[in-house]
Amino acid sequence: MDRRQIVERHQPELNKWDPVSPFSVGNGEFAFSADITGLQSFPKQYEVPLGTQSNWGWHYSGGPELYTEHDAAYQTYDTYGRPVGYAMKPGDKAEAYNWLRQNPHRLQLGRISFRFLNESGEEAQAEDITNISQKMNLWSGILTSEFAVRGEPVHVMTACHPAIDAIGVRVISPLIKQGRLQVFIRFPAPDMTSATWSKAVFPDLGNDGRHQSELSESGINGASIVRSMDEDSYKVSWSWSAGSLERTGAHEFTLLPDAIGESLEFSIGFGQESAQTAEVEDIKAASERHWESFWMSGAAIDFSGSADPRAYELERRVVLSQFLLALHSGGSLPPQETGLMYNSWFGKSHLEMHWWHAAHFPLWGRENYLLNSMDWYARILPVARELAQSQGYEGARWPKMVGFDGKPCPSPVANGLIWQQPHPMTLAELCYQADPSSATLERFRSIVFESADFMVSFAHWNEEKRVYDLGPPLIPAQECHPMEGSKNPPYELEYWKYGLEIAMRWAERMQQPANPLWAKVAGSLAEPPQAEGVYLAHELCPETFLTKNRDHPSMLGALGILPGTLIDRKVMRDTLLKVKEVWIWESAWGWDFPMCAMTAARLGEPDLAVDFLLLDASKNTYLTNGHNYQRPGLSAYLPGNGGLLAAVAMMASGWMESDGGEAKGDMAVDNPGFPQDGSWSVKWEGLKPWL
């Protein structure tokens, strides 16, 4: 299989401004998103911020103890006769509510831009940029940008070092010799000033007194800058080939290249304690080695022989999604939904989305990218234990919307969700399948066992029906249901059983006694509710397909993502067809389409699986840069990309029973999730079957 050919036929290119599709370079811990100049020269041309972000760069406005979770207003929900408080609404503590939602927030580390001057000395505008030709080389991770400024050519190479948080830039242009090209870095104020919940918040270029930018060292070919705000700080290091640095604003520094030639090289690094740079050629070479190694390892898939005209687009999405998820979602923290591009939901991670970002990595033979973020759960285990205990439960309850410290924040939805609870267990099991060793078991045992202890504590014994119920209170994965009126959603029931069975298997593998409640609850959960031959959103929602046919059709996840041991396959098939017929797809989200495809694949409906995967819907759009577009302000949604890769791996390589046994599906058939009529040619290597 010619992997390089597969990758390079999908390298994205731009020949005009694209306000929703900037390209990024990065390494999983740090990323830099650029406009068509290769830097961030004209940010107003874009619908979303052009970010310079990291996994270490966070900020508390006013300091981390300005408010704590105890300062929020809590609403009490009856939990089978026991009152339990959840911070869902601002109540009479709106200031604390909004501060806790917005803090900590991920920092925009700095805008790095060109300043082009016209012949008259005035600053060039976006309309002065012509002859645009920009290419993102996926095989090397290097961005090349060619354009003209009022007829003068400019060639820019932008690369990110794979091991240090630094970019290297090489510029070639007669504008340098003419003294008409400058480079500046501008630092925004650190606060998040908007209470919007998902729209991108542009950096604040006012409020100069809220932060400090001090030039700590400056020399002929380099300088260091110390950034400070409240109790937080970070460092910036800048080196260049020839020129001088001037302060041109309270938080702006400009590099004036020596006008002795037509080329300039510079690198800028960022760090919490110290910042590193490297020679531009070294950054370029390291990027080339890193990304070639990435593509030559793990799995690959080739759809080029297919007769179905949609095959090329699916292959494009698959290739670009691999690149984007390694760059944005493969680091040491569960990522935010927009990765390291810009802040959505204040830069915080949504833990119910971690599966969608990262579950595909082991299936594609790149489990190390998942392992990078798994130890974070162990670090926040005390927070999860405290959350469970505060609500009267055992074990560890994983929060939903969190910063780097794992602390939950108030939310009208987040605190009512439960489907993130088995995610770390499932991800740990994927890690074990990749490395079935005692070291893996020991590494994640507390995460698995304490997750299970909460799950059995949360389930409520229904004496009349002799089953365990889930909720109320809870909000299903389909978030448009009320906290106090939701009970026994099918996906959560199946996922509870699946997660508890993982815990039992881990105890057996480690030859230690399992909590007897794990088996008791797993074996006595309520049946997934249905009516008129289809599964409902939950037991108290008979109007599922009349008034609640929007948002996530999450009942389908009970068979597809999961093995469906509680599910009647005929009822699920009819549910899938009903969803396809009546769902309001413009209200769905990017991961819903691969979720439906996985359900169709397990049901032996490969044509339907492909139809869902490539359904013509606005939130199933994949932009030139490969990002899954959702709506204005949310033009990058990486859970959609990750779901796509998980679904494709499953459709190509099949799936396994929940007990970890032999691969199952119609395994006498190659590529069981794809049509078998000759319209699809699917060649692959290195994929692993889904659990």
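Here the structure is shown first, and the text comes after it.
Residues numbered from 1 in each chain as written. Predicted model: local features only at pLDDT ≥ 70, side-chain atom pairs only at ≥ 80, totals over all residues. Heavy atoms only, no water.

### Some words on the sheet that holds strand β18 (residues 243-249)
What links the strands of a sheet is backbone hydrogen bonding, and the strands pair in either a parallel or an antiparallel sense. Reading across the sheet, the four strands line up as β9-β14-β19-β18 and stay open at both edges, with antiparallel pairing between neighbours. In this open sheet, the two edge strands, each paired with only one partner strand, are β9 (111-116) and β18. The sheet shows a mean angle of 25° between the axes of neighbouring strands, taken without regard to direction. Taken together, the six bridges between β18 and strand β19 (residues 252-257) define a ladder with antiparallel strand orientation. Residue pairing in the sheet places Gly-249 in a bridge with Glu-252 of β19. (Pairing = 2+ DSSP bridges. Helix = DSSP H or I, 4+ residues; strand = E, 2+ residues; numbered from the N terminus. Axes fitted to C-alpha atoms, helices over the stretch in contact; angles between N-to-C directions.)

### Overview of helix α9 (residues 381-390)
For α9, the set of buried residues is Leu-381, Val-383, Ala-384, Leu-387 and Ala-388. Along the axis of α9, the buried residues cluster in a sector spanning 160°; they form a single face. Exposed residues on α9 whose side chains face more than 90 degrees from its buried face are Gln-389 and Ser-390. A positive backbone phi angle near 85° is found at Gly-392, which sits one or two residues after α9. (Buried < 20%, exposed > 50% of the residue type's maximum accessible area, 1.4 Å probe, protein only. Arc of directions from axis to C-beta.)

### Focus on the pairing of strand β6 (residues 75-79)
Side chains Gln-75, Tyr-77 and Thr-79 of β6 all project onto a buried face; the interleaved residues Thr-76 and Asp-78 project onto a face where none is buried. Two elements, β6 and strand β7 (residues 82-86), share five bridges in a ladder whose sense is antiparallel. Note that in β7 the partner of Thr-76 across the bridge is Gly-85. Taking the residues between adjacent antiparallel strands as the criterion, β6 and β7 are bridged by two residues, where Tyr-80 takes a positive phi near 55°.

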